[in-house]
Structures are given as C-alpha cells and as structure tokens.
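Observations on the three-dimensional arrangement
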Amino acid sequence: MQSRARYLIVDGHSVIFAWPELRKLHARRSSLAREALVKQLRDYQDWTGVHVVVVFDGKGKKVEATSEPADVQIFYSRSGQSADAVIERLASKYAKHYELVVATSDSMEAETVHACGAESISPDGLRELLANARRA
C-alpha cells in the first residue's frame with residue numbers, strides 16, 4: 001500500500017506570537033517575522049519531503065495564495081475571515097486523503113482539526129519537529 005502524502009499546515013501568526021524570537025521581529029516589522037518563519041518551514045520541507053502550507057490572517061477581499069511550484073504554499077485569509085477558518089476548511093477537505101498535521105496554539109482550532117481526522121501540534125511541538133528534522 002502506498003503511503004499517503006504528508007502535509008504540515010501552520011497557523012502563521014499563532015506560531016509567530018508563540019515564539020519569542022519571531023514575536024520580537026514582528027514588533028519591528030510583521031513581514032520580517034513572516035519571512036523568518038517561512039524560511040524555517042521551507043528548510044523543513046526540503047529536508048523531509050513533507051508539503052508545508054502556512055496560513056496568515058490577511059486583509060484582502062479573497063483568500064490569496066502565493067508560492068512557486070514545489071515551494072511552501074502561503075495563504076492569506078480574506079478580510080473578516082480568520083486564518084483559523086481557512087485552516088479548518090483545508091483540514092476538513094484534505095484530512096481524509098492526506099496525513100495532515102496542523103501547528104497552532106488555538107485549542108478550539110486543534111479540536112476542530114482533530115474532528116476532521118487530522119493531528120495538531122503546539123508551536124513548541126513545531127519547534128521540536130523542525131529541530132529534529134535538522135538533526136536527522
């Protein structure tokens with residue numbers, strides 16, 4: 001039996017505010033914190049082959065996606081919609097087809113993704129996941 005593709009979905013701002021070094025960057029300029037997080041996630045994707053999707057709260061009229069093929073997928077929720085809503089929609093749509101892990105500090109979001117059949121990890125769990133991939 002072929003193993004299912006693995007995906008890591010990251011609640012971007014949830015992780016940024018949970019990691020002191022990213023929170024400090026965010027205080028200077030939010031784009032610096034986003035770029036620093038995405039760089040670490042890109043390295044993780046390159047080392048492990050796990051597909052990484054990061055979702056940030058956005059301000060636009062529609063959900064926006066930016067990425068190069070084979071790069072980390074980045075989504076911005078539309079104005080008035082939280083990143084959580086985008087993540088929950090992705091989890092409900094893809095958890096049945098892929099091995100899905102969601103990194104978030106939001107306990108309600110974690111419960112929702114579990115109900116969809118996905119796993120969740122905390123921002124600290126994500127930090128550990130990235131560190132272990134680096135050592136592997």
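Scroll up to find the structure.
These remarks concern the structure in this document. The model shown is predicted, which means the values in this text are computed figures rather than measured ones. (Residues numbered from 1 in each chain as written. Predicted model: local features only at pLDDT ≥ 70, side-chain atom pairs only at ≥ 80, totals over all residues. Heavy atoms only, no water.)

Focus: the nonpolar core
Note that soluble globular proteins tend to have their nonpolar side chains buried in a common cluster. Formed by 23 residues in total, the largest nonpolar core has its most connected members in Leu8, Val10, Leu37, Leu41, Val54 and Leu126. Residue assignment for this core shows that the elements contributing at least two residues are β1 (6-11), α1 (12-18), α3 (30-48), β2 (51-60), β5 (99-103) and α6 (123-135). The element best represented in this core is α3, accounting for five residues. Core analysis: the next-biggest nonpolar cluster, separate from the first, contains 15 residues, Ile9, Phe75, Ala83 and Val86 among them. (Core = buried A, V, L, I, M, F, W, Y, C linked by side-chain atoms within 4.5 Å. Buried < 20%, exposed > 50% of the residue type's maximum accessible area, 1.4 Å probe, protein only. Helix = DSSP H or I, 4+ residues; strand = E, 2+ residues; numbered from the N terminus.)

Here we look at the environment of Ala91
As for its placement among the helices and strands, Ala91 is situated in helix α4 (residues 83-94). Residues contacting Ala91, with those up to four places away along its chain left out, are Leu100, Val113 and Cys116. (Contact = heavy atoms within 4.5 Å.)

Description of the pattern of salt bridges
Evaluated as defined, the whole model comprises three salt bridges. One salt bridge in this structure joins Arg127 and Glu21, with 2.9 Å as the shortest N-O distance. Remark: Glu21 occurs in helix α2 (residues 20-28) and Arg127 occurs in helix α6; sequence separation between them is 106 residues. Judged by relative accessible area, which is 32%, Arg127 ranks as partly exposed. By relative accessible area, which is 35% here, Glu21 ends up partly exposed. Here Arg42 and Asp71 are joined by a salt bridge, their closest N and O atoms 2.8 Å apart. In this pair, Arg42 sits in helix α3 while Asp71 sits in the loop between β3 (64-66) and β4 (73-78), placing the two residues 29 residues apart along the sequence. (Salt bridge = Lys/Arg side-chain N within 4 Å of Asp/Glu carboxyl O.)

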